[in-house]
Each structure stands twice: as structure tokens, then as C-alpha cells.
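Listed below are the residues making up each chain.
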Amino acid sequence: MLQLQEIRNQKEALAEALKKRNLEALPILDKILELDEQRRATQTELDNTLAESNKLSKEIGILFKSGKAEEAKELKEKTATLKEQSKTLNEQLSIIATALQQELYQLPNVPHSSVPAGNSDEDNEEIFREGNIPSLVEGALPHWELAKKYDIIDFELGVKVTGAGFPIYKGKGARLQRALIQYFLDKNTAAGYTEIQVPHLVNEASGFGTGQLPDKEGQMYHVGEDDLYLIPTAEVPITNIFRDEILNAKDFPIKYTGYTPCFRREAGSYGAHVRGLNRLHQFDKVEIVRVEHPDTSYAALEDMTNHIKELLNELKLPYRILRLCGGDLGFTAALTYDFEVFSTAQDRWLEISSVSNFETYQANRLKLRFKDENGKKQLAHTLNGSSLALPRVLAGILENYQTENGIRIPEVLVPYCGFDFID
RNA sequence: GGAGAAAUGGCAGAGUGGUCGAAUGCGGCAGUCUUGAAAACUGUUGAGGGUCACACCUCCGGGGGUUCGAAUCCCUCUUUCUCCGCCA
């Protein structure tokens, strides 16, 4: 959520920056300022009414104590009008405040100055590439066929037990997945992230705090009986740890990592690109989350991308890094780097990590603040990134490490797996 | 799931209808003292709105109600604790 103060101070600059998202924000910003004006005027009126009412109440109290019941009675009658007035004003105020909130929720985050303009993922800017892209090998199989051939992932069985998009990992497939989780967590903790385990269901306030609600309601599974949501990413429970907190500047940096399953309804996305592990309703992910001082958040973002690079370098997977363009940038992010692994058999790139700086956008919703060096309260910056999304890493390994006779295991994972070959 | 008790500022803990945004203690911050530190002493110390700055308004778990007036009374929800039941 954008800060009202900023909208008041630099409306034009914000509107200009939001154009990168192909959003003509000026009418919304004007509407917001108008509602803001109304809100303050109504608030002032209400405050004055309440002030008068408070004054009378005190006088009545004093009169009663000094036994002047008659005079008190007279004053009592006067308060009736004030009560009526403040009730009306209060109702008006809440209508205006709600309208103002709704306008604010509509606005996405302002893109960072380095974000390229663009409409879709085709306009994302490739900023880094590592590893050779093997040309399509004769006889190379896509991962879903490899999974079947070596009996390590059973998609049909998942359909039987739950439905499409809920695969069942078996034997060495399950073990490889567990090895990856452990490897990622070990690397993250070695890099200074504190490992935590968090709930897999969150309440509405949490969904709202990180920006999943109210906009992306349909993407989350909702447990109506208890009004809880299955998490679409560990970002939600981890970041919400800091909701309504006022930190000290010396608490920074805050670095957390956690493994969780992630649940996404993925309503409306079907077709060839969702085969196999490409897009699932339930998948595992290790996440890193940081809360930073505004002055250092972009250095933190670089630090995070370097960390993800190291993971992929060690796994020796061919990958590239994209700077997302305005049109592809998530609603709440100011700047996002996507990491993509090359899927040899599918001849396409698969997103395996998304590292973002949300600046104050989430913090404003979360009321996540800190006391700066001068004792002033200001909003913190939040960041997060996948390190990494398991299914697509798995797909990348299966496809890139396949041989005629089986699948080799990346060297760094062998100690975690206890085997070096799947056949 | 049943029965009971409770929820107050960073923490502990007073406050049961009127000047209470809230005693007191601890903690935090600043100062005095000291070569420095500790101790002691003095001052200061919740959040939000509003204002150039004041004034002023709101907030004592959430929501609603009674009253001229609510931290205090009533209803309701949530959470915590104790006992019983069930359970990995």
C-alpha cells in the first residue's frame, strides 16, 4: 500500500512511475486526495463535537458533586444534540475511510527506477546467464517421462488421492526432494538466515498484510469453517511475524529462512505448459525473507540474488536472471529478479526463484516500523526470495542430468541423497 | 468438547462509573557524579489522527450496548490459564 503522505507530496512523480505498469494512475490519485481531504474535514468536525461533549460531561460531573442536580439536568439535555451529531459524523467518517482504503488497495507498488517498461514477460530484461545451454539432445526426455521411466514421481496416483497438480514422490524421487530441502536450508543458515518453521495456514489479517488479500483471493485455498487460508508461499507467515511491530534500527538485518509446502489454486491456468512439475497445486519451497533498513534494502536484494546464484552454480544448472519489466512485475513488488533454469527437453525456461524488494509497500499494510537513529518511527523495507522452488529444480536436474541409462545426481547433493545415480 | 478464571503501556502490576492515557516497580533514554564503568541521584519514556506549532480527538484483547460520562457495568467474539474429557 502506498503512503498517503507520499501521494500528497509527489502525486505527479508517482503517476509517472506507475506508467511503467501501463497504469494511468492520476485519476485514482486525485480521487484519493479528494477522499483524504474529506476524511480530514469530517474528522475535524467530529473531533470538535466530541470535545464539546466531553466538556459538558465534565461539567455535569462537577455539578452533581456539588449537589446542583437541576443545573446538571439542563446540561444533560444539551448533550443529546451533540450525541446525535457525532453519531452521524462517525457514520460519514467510516464510509469515507472505507472508500479511501479501497482506492489505496487498488494501487500497486511503484516500480524501482531500474525497472524496464514493458507489457509482458517478453519485455523482461535478461541481465545474467550462466552455464551452457545444451542443444536439444537426441532422445532427451522431458522430466515427466523420466519420472515415469524411473518410477520416482507418480502423477496419476496423486490424481487418485487428491486431484491433478498433487504429485506423489516415490523412492529416490522423494529422497532427492528431501535432500534438496536440506541442502537449501543448510546453505541459507550458513549465509546467516535463521531457520524457522511456520504455520501452513494463515488468518485473514496475514493474507492482507503481505498483499495476497484482497486482490488475489482466488489464488489461495480457503478453509471456510475456520476462515483460514493455506499459504501460497512461506513469505506470508514469515513476513507476518513482524506485523504491528516497531523494531529498533539495531535489529537489522533480519534474515529468516523456512521450508514449507505451498498451495495454489492456479485457477484458469491449464494447457501444455502445466505438464508434469511445471505448475502444481501443492509444491515445496524454501524461502528467504528479510526485513531491512530503507538505506540498505537494495544492497540486501543484491546479496540475496548473489546467494541464489551460488546455489545454482553449485547445482551446475544452466540459468539466467531476468529483471522483470513493469508489465510483469508483481502487484506488491518494486523490483523483482526472476531466476530461470533451462529445461533441456522442453526447450524452455522455468522460473525457479523470484527475488523481490517490496520497499515499504508491505510494511505499510503490516504496520511494520522501526525507530531510526533519531528516534523517529518509519516504515521498514521487506524482501523475499525463493531459495528455491523444488519442483522446477527437480525438473531441471532430471532433464539436464539425464543419461541414456539414468540420472546423475549433482555432486553437492550426493552427501544428502546417499546415492549418486537414479536408474 | 464441558466447567471455571483472566486479558491494562517494553515487562510486572494498581486501578470497579466522573480531571485516568492510566499509580508504583523494573527496563529503556538523557543528564549529574567518575579517567572510564558500576552504584546513587535528577529528568524523561505508549500508539494513531490532527496542527506551521499548540489546542483537540481516538485507543486499557476485538466488536456491539447501557450512561450526560466506561479501563471500570451488560452482551458477544477471540486468546490465555486451571480442572475434566479426548487425542499424535
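Residues numbered from 1 in each chain as written. Chains lettered and ligands numbered in written order. Predicted model: local features only at pLDDT ≥ 70, side-chain atom pairs only at ≥ 80, totals over all residues.

Draft legend 1. Geometry of the overall build of chain A. A tally of regular secondary structure across chain A gives 13 helices and 18 strands. A principal-axis box enclosing the C-alpha atoms of chain A has dimensions of 100 × 45 × 45 Å. Counting across all 423 residues of chain A, residues that qualify as buried make up 37%. Put simply, 73% of the contacts in chain A that link residues at least 6 apart link residues at least 24 apart. (Helix = DSSP H or I, 4+ residues; strand = E, 2+ residues; numbered from the N terminus. Buried ≥ 20, exposed ≤ 12 C-beta atoms within 10 Å, placed from the backbone. Contact = placed C-beta atoms within 7 Å.)

Draft legend 2. Layout of the pairing of strand β11 (residues 319-323). Inspection of the sheet shows strand β1 (residues 125-130) paired to β11 by five bridges, in the antiparallel sense. Within the sheet, the bridge partner assigned to Arg 129 lies in β11 and is Arg 320. Relative to strand β12 (residues 335-343), β11 is paired through five bridges, and the arrangement is antiparallel. Counterpart to Arg 320 in the pairing with β12 is Glu 340. (Pairing = 2+ DSSP bridges.)

Draft legend 3. Representation of the sheet that holds strand β8 (residues 246-248) within the structure. Strand order in the open sheet formed by three strands is β8-β14-β15, and the pairing between neighbours is mixed. Sheet topology places β8 and β15 (377-379) at the edges, where each strand pairs with a single neighbour. For this sheet, the mean angle separating the axes of adjacent strands, direction not counted, is 40°. Across three bridges, the pairing between β8 and strand β14 (residues 369-371) is parallel. Note that in β14 the partner of Asn 248 across the bridge is Lys 371. (Axes fitted to C-alpha atoms, helices over the stretch in contact; angles between N-to-C directions.)

Draft legend 4. Structural view of the packing of helix α2 (residues 11-18) against helix α3 (residues 26-65). α3 packs onto α2 with a crossing angle of 145° between their chain directions and a minimal axis gap of 9 Å. In terms of crossing hand, the pair formed by α2 and α3 is right-handed. Contacts between α2 and α3 involve Lys 11, Leu 14 and Ala 15 on the former and, on the latter, Leu 26, Leu 29 and Leu 33. Of the residues in the contact of α2 with α3, the class split is five nonpolar, no polar and one charged. (Left-handed = near helix turned anticlockwise from the far one by under 90°. Nonpolar A, V, L, I, M, F, W, Y, C, P; charged D, E, K, R; others polar.)

Draft legend 5. Structural detail: the domain arrangement of chain A. For chain A, the domain assignment lists domain 1 (4-106) and domain 2 (121-422). Placing a centre on the C-alpha atoms of domain 1 and another on those of domain 2 gives a separation of 43 Å. Across the contact, four residues belong to domain 1 and four residues belong to domain 2. (Domains from an automatic or database assignment.)

Draft legend 6. Spotlight on the nonpolar core. Formed by 78 residues in total, the largest nonpolar core has its most connected members in Leu 388, Val 393 and Leu 394. Each of domain 1 (4-106) and domain 2 (121-422) contributes no fewer than three residues to this core. In terms of nonpolar packing, the next biggest core, distinct from the first, is built from seven residues, Phe 242, Ala 363, Leu 366 and Phe 370 among them. (Core = buried A, V, L, I, M, F, W, Y, C linked by C-beta atoms within 7 Å.)

Draft legend 7. Layout of unusual backbone geometry. The residue after Phe 252, namely Pro 253, is reached through a cis peptide bond having omega -5°. The topology assignment puts Pro 253 in the loop between β8 and β9 (254-263). Between Ser 387 and Leu 388 the backbone carries a cis peptide bond, its omega angle lying at 0°. A positive phi angle, close to 55°, is found at Asp 227, a residue other than glycine.

Draft legend 8. View of the sheet that holds strand β13 (residues 348-359). Ordered by their spatial adjacency, eight strands build an open sheet running β1-β11-β12-β13-β16-β10-β9-β4, and the pairing between neighbours is mixed. The strands lining the two open edges of the sheet, one partner per strand, are β1 and β4 (194-195). Taken strand by strand, helix α10 (residues 297-315) contacts β1, β10 (282-292), β11, β12, β13 and β16 (381-389), and its axis lies near 5° from that of β16.

Draft legend 9. Looking closely at the confidence of the model for chain A. Averaged over every residue, the pLDDT of chain A is 90; the share at 70 or more is 97%. Of the two predicted TM-score estimates for the complex, the pTM is 0.91 and the ipTM is 0.84. (pLDDT = per-residue confidence, 0-100.)

Draft legend 10. Looking closely at the protein's contact with RNA strand B. Near RNA strand B you find 17 residues, and of these Asp 47, Ala 51, Ser 57, Ile 60 and Gly 61 are the closest. Listed by contribution, the elements that provide at least two residues to the surface near RNA strand B are α3 and α4 (69-106). Among the elements that make up the surface near RNA strand B, the one with the highest residue count is α3 (13 residues). (Near = placed C-beta within 6 Å.)

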